[in-house]
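Chain by chain, the residues:
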Amino acid sequence: QHILSSPYTVNVVPNTADPKYTTAYGPGLVSGTAGEVSTFTIQSKDAWGNNILDSQPRSSYAVLAFLPYESPEESAAVW
C-alpha cells in the first residue's frame, strides 16, 4: 500500500569523529626525505565508518612518525 507523501528523503549525518576508525593516506605515509615536507591526508570517520562531513566540526590529531621495523614504544618518534 502507498504511504502518503512518499517517497521521503533522508539525510544521515555522521556522529562525532572516532580516531579508532579514522584513516590516513598519501605519499607522506610511505616515504620522505629529511629536510623536505611530506604530506598525507587524514579522513575522519565516526564509530560506524562514516566519513565526517566538511560542514561538521574539525578534529585535531597528533601524528607520530617512526621507522616501520620499530615498534612505537621503542622508536625515537618524530612529531
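Now for a look at the structure at hand. It should be emphasised that the depicted structure is a prediction, and the values quoted were computed from it without experimental measurement.

What follows is about the overall build of the protein. If you tally the helices and strands in the protein, you get zero helices and two strands. Expected size for 79 residues packed as a compact globule is a radius of gyration near 12 Å; at 19 Å, the protein overshoots this value by more than 25%. For the C-alpha atoms alone, the extent of the protein along its principal axes is close to 65 × 25 × 20 Å. Pairs at least 24 residues apart make up 36% of the contacts formed inside the protein by residues separated by at least 6 positions. Entry remark: accessible area of the protein is about 7000 Å², with carbon and sulfur atoms responsible for 56%.

As a further point, take unusual backbone geometry. Look at the link from Ser6 to Pro7: it is a cis peptide, with omega at 5°. With respect to the helices and strands, Pro7 occurs in the segment before strand 1 (23-25). Positive phi, normally seen in glycine, also occurs at Ser5, with a value near 70°. Within the element layout of this structure, Ser5 appears in the segment before strand 1.

With that settled, the discussion passes to the side chain of Lys45. Mapped onto the elements of the fold, Lys45 is located in the segment after strand 2 (41-43). Not counting residues up to four positions away in its chain, the partners in contact with Lys45 are Thr16, Ala17, Asp18, Tyr21, Thr22, Thr23, Asn50, Asn51 and Ile52.

With that out of the way, let us pick up the environment of Thr41. Looking at the secondary structure, you find Thr41 in strand 2. Note on Thr41: relative accessible area 35%, which makes it partly exposed. As for Thr41 and Gly28, which are separated by 13 residues in sequence, their C-alpha atoms are 8.8 Å apart. Apart from residues no more than four positions distant in its own chain, Thr41 is found in contact with Thr23, Ala24 and Tyr25.

Okay, the environment of Gln1 next. Along the chain, Gln1 falls in the segment before strand 1. Owing to a relative accessible area of 98%, Gln1 belongs among the exposed residues under this scheme. Note: C-alpha distance between Gln1 and Ser59 (58 residues apart in sequence) is 45 Å.

Structurally, Thr22 can be placed in the segment before strand 1. Residues Thr22 and Ser44, spaced 22 residues apart in sequence, show a C-alpha to C-alpha distance of 4.7 Å. Once residues lying within four places of it in the same chain are set aside, the contact partners of Thr22 are Ile42, Gln43, Ser44, Lys45 and Tyr61. Here the side chain of Thr22 touches Tyr61 through a polar contact of 3.4 Å, side chain to side chain.

Criteria and thresholds
- Residues numbered from 1 in each chain as written.
- Predicted model: local features only at pLDDT ≥ 70, side-chain atom pairs only at ≥ 80, totals over all residues.
- Heavy atoms only, no water.
- Helix = DSSP H or I, 4+ residues; strand = E, 2+ residues; numbered from the N terminus.
- Rg over C-alpha atoms; globule rule 2.2 N^0.38 Å.
- Contact = heavy atoms within 4.5 Å.
- Areas by Shrake-Rupley, 256 points an atom, 1.4 Å probe, with all protein chains shown as cover.
- Buried < 20%, exposed > 50% of the residue type's maximum accessible area, 1.4 Å probe, protein only.
- Polar contact = N/O pair within 3.5 Å; in protein donor to acceptor, adjacent residues only side chain to side chain.

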